[in-house]
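Structural features, examined
Residue strings, one per chain:
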Amino acid sequence: MKNALFVYSEEQLGYKFSESHPFNQKRLVLTSDLLRKSGVLDDSDIVQPRIATDEELLLAHDAQYIEMVKKAGRGELSNQLAENYGLATEDTPMFQNMHEAAAMIVGGTLTAIDLVMEGKAQHALHLGGGLHHGFSGRASGFCIYNDSSVAIKYLQQKYGARVLYIDTDAHHGDGVQWSFYDDPDVCTVSFHETGRYLFPGTGNVTERGNGRGYGYSFNFPLDAFTEDESFTELYKTGVTEIAEFFKPDIILTQNGADAHYFDPLSHLYGTMEIYKEIPKLAHELAHSYCNGKWVAVGGGGYDIWRVVPRAWSNIWFTMKDLPYPSGNLSEKWVERWSPESPVPLIPTWEDPVPLYEPIPRKAEIMEKNALILEKALYMIRSEKKSKEKEMF
């Protein structure tokens, strides 16, 4: 068994809305090339993604919606009808062969799941996935099909697994949360910028689940301008207690890289330091509770030149049990991509210090986030006591 496998194909670049759209899968090429030129990724690590079948997509999506996506990709769907399904919008415009491109994203995450659950690797990384806004019958927020929702249903159906889903994208993981809101065998956890300022506007700490799933949904809405220290405190404390409470069979993490200061679509002030801590804890908890079973997918990340490759590379270093890199990036990588980059590349693994001017509201922001953590911990501990009582 390998400690980690990397699910990737340049065919995944076919998931492309337009030249000017902020969701740009070229980040997959940039990240894989950085890992190759850093000497930590080679052909023996890479597994080709497959295309998800319609039957697999039906685990989390409506048949009529899948048919509309197919028609959209063939140019057979009017804009008026498409908008009923969240297509032909500014966020999710139609493009040729969109069903096939989106189904390959889902298939890549299912490939990663099978690699781990069938014992071919302890961990698997599929950076093309993480499209967490898709709903059963509607596209949303750059997401056509929701690969994580399909993958979790697949894990339940094929492997009977209890799944801990941890989402650290700057945008709330709404599509996954609502898919399992009443399911006690799936625990969803999302750390995101508060919906007061950012799409999709959900993810309040009071969103706890419904019916038998009540108590298995956890949200940590972070105040705008949250920095590393506060983010890391909530993440480490919250996830550690949730994992101990839920005791999953496998951990699925969504690793949006858009909580960084440079990201153009959010207002969080993270640096590369949080992108070391996020995979580090997921790795530790997977070995503590799941015999190492951990699948990681990508997600948001819209500064594809200065942020995403460095942030996502840290996941692979963690999975491979390698020390985090420091110092200069590969000179060959910098030379290869500098001519194409619209901004000067950061030539080091770490961010420049200081990266930004001091935040005048830092104490206030940290206090607000601490209250969110306090509420979440109270809920976690209350649910734990409740479940312990049910056992006796």
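Refer to the structure above for everything that follows.
The structure presented is a predicted model; accordingly, all values stated were derived computationally and were not measured. (Residues numbered from 1 in each chain as written. Predicted model: local features only at pLDDT ≥ 70, side-chain atom pairs only at ≥ 80, totals over all residues. Heavy atoms only, no water.)

Moving on, we come to the packing of aromatic side chains. According to the stated counting rule, one finds 25 aromatic pairs in the structure shown. Of the aromatic side chains, those joined through ring pairs into one cluster are Tyr 15, Phe 17, Phe 23, Phe 95, Phe 142 and Tyr 302. (Phe/Tyr/Trp six-rings, centres within 6.5 Å; stacked < 30°, edge-to-face > 60°.)

Moving on, we get to the nonpolar core. Ranked by internal contacts, the top residues of the largest apolar core, which has 75 residues, are Phe 6, Leu 164, Phe 220 and Tyr 235. Looking at this core element by element, the count peaks at eight residues for helix H8 (residues 228-246). If we skip the residues at most four places from it in the chain, Tyr 235 touches Ile 166, Thr 168, Phe 191, Thr 240, Glu 277, Ile 278, Leu 281 and Ala 282. In this structure, Phe 23, Ala 82, Val 106 and Ala 112 belong to the second largest nonpolar core, which totals 55 residues. (Core = buried A, V, L, I, M, F, W, Y, C linked by side-chain atoms within 4.5 Å. Buried < 20%, exposed > 50% of the residue type's maximum accessible area, 1.4 Å probe, protein only. Helix = DSSP H or I, 4+ residues; strand = E, 2+ residues; numbered from the N terminus. Contact = heavy atoms within 4.5 Å.)

Once that is clear, we can look at the sheet that holds strand S5 (residues 186-193). Taken in spatial order, the eight strands make up an open sheet running S2-S1-S3-S8-S7-S4-S5-S6, and their pairing is parallel. Of all the strands in the sheet, the pair left with one neighbour each is strand S2 (46-47) and strand S6 (217-222). Pairing of strand S1 (residues 2-7) with S2 involves two bridges; the strand directions are parallel. Within S2, the position partnered with Val 7 by the bridge is Val 47. Across the face of the sheet, H8 comes into contact with strand S4 (163-167), S5 and S6 while running at roughly 175 degrees to S5. (Pairing = 2+ DSSP bridges. Axes fitted to C-alpha atoms, helices over the stretch in contact; angles between N-to-C directions.)

So, on to H8. With 19 residues, H8 ought to run about 27 Å at 1.5 Å a step, and its terminal C-alpha atoms sit 26 Å apart, in line with that. All of the buried residues along H8 are Asp 228, Ser 230, Phe 231, Thr 232, Leu 234, Tyr 235, Gly 238, Val 239, Ile 242, Ala 243, Phe 245 and Phe 246. Count one or two residues on from H8 and you reach Lys 247, which has phi positive near 50 degrees. (Expected span 1.5 Å × (residues − 1).)

Here we come to the layout of surface pockets. Looking at the largest pocket, its volume works out to about 250 Å³. Thr 194, Arg 196, Asn 204, Pro 221 and Ile 372 are the residues nearest the centre of the largest pocket, which is lined by 15 residues in total. Looking at the lining of the largest pocket, the elements that each hand over two or more residues are S6 and helix H12 (362-390). Taken together, the residues of the lining of the largest pocket break down into four nonpolar, eight polar and three charged. Considered class by class, the residues forming the lining of the second largest pocket number nine nonpolar, seven polar and two charged. (1 Å grid on protein atoms, 1.4 Å probe; cavity = no way out; pocket = protein on both sides within 12 Å on 5 of 7 lines; lining within 4 Å. Points joined across faces, edges and corners; volume = space filled by probe spheres on them. Nonpolar A, V, L, I, M, F, W, Y, C, P; charged D, E, K, R; others polar.)

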